[in-house]
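Next come the chains, spelled out residue by residue.
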Amino acid sequence: MKIAIQGIESSFHDMATRLLFPDTEIELIMCDTFEKVTECIENMSADFGVLAIENTIAGSILPNYNLIDASGLVIYDEVFLNIQMFIMALGGQTIYDIDEVHSHPVALLQCKDYLRKLPPQLKIIEGKDTASEAKKIKEGNLKGVAAIAGKQVAERFGLEILDSNIQNEKDNQTRFVLIGKEAIAPAENANKATLKFELSHSLGSLSNTLQMFTTFNINLTKIQSLPIVGKPWQYAFFVDVMFDDYQLFTEVTKVLKKAVSELKILGVYKHNVENTPSQLIQVLENGK
Ligand SMILES: O=C(O)C(=O)C[C@]1(C(=O)O)C=C[C@@H](O)C=C1
């Protein structure tokens with residue numbers, strides 16, 4: 001099975017993919033950008049993709065909301081990774097030998113407090129993913145350059161860890177979603193959905209819409225607004241909701257459809273803080 005991720009082997013996207021499919025042989029389609037991940041699924045050079053969507057320190061990865069929405073791809077599953085950051089370099093150096101630190105922009109954001117304490121002449125460079133920045137250091141034998149990445153990256157590319165757990169908060173988690181092209185019937189144990197809608201600027205339009213969820217006993221777990229490009233000062237709302245009763249969820253979507261414009265269901269899936277493996281392959285095989 002081909003899964004597109006942004007980054008290379010041992011990156012956090014790779015780790016998230018292995019959590020979703022621990023027993024499946026996976027060919028990683030390693031992309032330089034998040035855009036390429038969705039493109040690969042659209043042009044079918046990958047079966048599915050795994051995309052980071054939010055982090056508990058850095059917040060929502062906003063472009064990825066737009067990418068899922070614009071590509072019309074579907075969310076099948078989610079998975080949560082505990083993210084511990086390490087700064088690593090070629091062996092025999094200390095943090096005082098480092099002039100440049102490279103990493104994924106979201107990873108750098110998570111380590112802002114640590115980076116601020118380093119000497120001001122030290123250059124912070126946004127690179128691709130955490131793992132390819134580390135790989136570059138090893139392959140180019142780059143002295144004085146460090147990467148910020150997970151521990152597994154130091155092991156994979158033989159770099160030495162200079163400092164451990166350097167993210168701003170000890171508890172740091174990233175939520176990833178599994179996305180694909182084919183719409184499938186929600187799994188029996190589905191209890192969560194991601195929806196997108198747009199609203200007019202009329203008095204109470206948002207609060208009235210959110211009230212509907214309460215009326216139908218549906219718990220709103222996240223709300224994210226994003227500007228509608230081409231319509232200045234107008235917003236689209238992306239919400240995650242959880243429900244016990246799928247029937248009630250379908251009822252609320254019928255009511256919502258009349259109250260909002262552009263209601264889109266981006267995915268109905270199982271809330272997965274336990275990180276149970278994805279059932280997607282079984283679901284697709286049973287459907288054939
Ligand atoms: O560079 C990586 O290893 C990634 O998987 C990217 C990424 C992200 O996009 O947020 C994934 C998880 C971490 O929160 C930091 C970076």
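Residues numbered from 1 in each chain as written. Predicted model: local features only at pLDDT ≥ 70, side-chain atom pairs only at ≥ 80, totals over all residues. Heavy atoms only, no water.

- The protein chain is annotated in an unreviewed UniProt entry as prephenate dehydratase from Ulvibacter litoralis.
- Taken directly from UniProt, the Catalytic activity (unreviewed entry) text for the protein chain runs: "prephenate + H(+) = 3-phenylpyruvate + CO2 + H2O".
- In the Pathway (unreviewed entry) part of its UniProt record, the protein chain is described as follows: "Amino-acid biosynthesis; L-phenylalanine biosynthesis; phenylpyruvate from prephenate: step 1/1." (UniProt positions renumbered as here; feature names shortened; annotations may be inferred.)

## Looking at the overall build of the protein chain
Argument step 1. Assigned secondary structure in the protein chain consists of 10 helices and 15 strands.
Argument step 2. Scaling as 2.2 N^0.38, a compact globule of 288 residues should have a C-alpha radius of gyration of about 19 Å, and the protein chain matches this with 21 Å.
Argument step 3. C-alpha extents for the protein chain along the principal axes are approximately 65 × 45 × 35 Å.
Argument step 4. In the protein chain, buried positions account for 51% of the 288 residues.
Argument step 5. Sequence-distant contacts in the protein chain: of pairs separated by 6 or more residues, those separated by 24 or more amount to 76%.
Argument step 6. By element, 52% of the accessible surface of the protein chain is carried by carbon and sulfur atoms, the whole surface being about 14200 Å².
Argument step 7. Counting 27 positive and 37 negative side-chain charges, the protein chain places the centres of these two groups 3 Å from one another. (Helix = DSSP H or I, 4+ residues; strand = E, 2+ residues; numbered from the N terminus. Rg over C-alpha atoms; globule rule 2.2 N^0.38 Å. Buried < 20%, exposed > 50% of the residue type's maximum accessible area, 1.4 Å probe, protein only. Contact = heavy atoms within 4.5 Å. Areas by Shrake-Rupley, 256 points an atom, 1.4 Å probe, with all protein chains shown as cover. Lys, Arg positive; Asp, Glu negative; His and termini not counted. Charge placed at Lys NZ, Arg CZ, Asp CG, Glu CD.)

## Examining the UniProt feature "domain: Prephenate dehydratase" (unreviewed entry) in the protein chain
Argument step 1. In this structure's numbering, the residues bearing the UniProt feature "domain: Prephenate dehydratase" (unreviewed entry) are residues 2-181.
Argument step 2. Between the C-alpha atoms that bound residues 2-181 the distance is 13 Å, and the span itself is 32% helix and 32% strand.

## Quick word on the site of the ligand
Argument step 1. Around the ligand, the structure places 15 residues, and the nearest of them are Phe 12, His 13, Gln 110, Thr 130 and Thr 174.
Argument step 2. At 3.5 Å from an oxygen atom of the ligand is found a side-chain nitrogen or oxygen belonging to His 104.
Argument step 3. Within the contact set of the ligand, an oxygen atom lies 2.7 Å away from a side-chain nitrogen or oxygen of Thr 174.
Argument step 4. When the ligand sits alone it has 370 Å² of accessible area, and the protein chains cover 100% of it.
Argument step 5. Of all the secondary structure elements, the ones that give two or more residues to the shell around the ligand are α1 (12-20), β3 (48-55), α4 (105-110) and β11 (173-180).
Argument step 6. Here the shell around the ligand is built from residues that sort into seven nonpolar, seven polar and one charged.
Argument step 7. Inspection of the shell around the ligand shows a minimum of three residues originating in each of domain 1 (1-82 + 172-183) and domain 2 (86-163). (Near = heavy atom within 4 Å. Polar contact = N/O pair within 3.5 Å; in protein donor to acceptor, adjacent residues only side chain to side chain. Nonpolar A, V, L, I, M, F, W, Y, C, P; charged D, E, K, R; others polar. Domains from an automatic or database assignment.)

## Section: the sheet that holds strand β10 (residues 160-163)
Argument step 1. Strand order in the open sheet made by the five strands is β8-β7-β9-β6-β10, with mixed pairing throughout. Edge positions in the sheet fall to β8 (123-126) and β10, since each has one partner strand and no second. Direction aside, neighbouring strands of the sheet carry axes that sit 35° apart on average.
Argument step 2. Sheet topology note: the strand β6 (residues 86-89)/strand β9 (residues 145-149) ladder contains three bridges and is antiparallel. (Pairing = 2+ DSSP bridges. Axes fitted to C-alpha atoms, helices over the stretch in contact; angles between N-to-C directions.)

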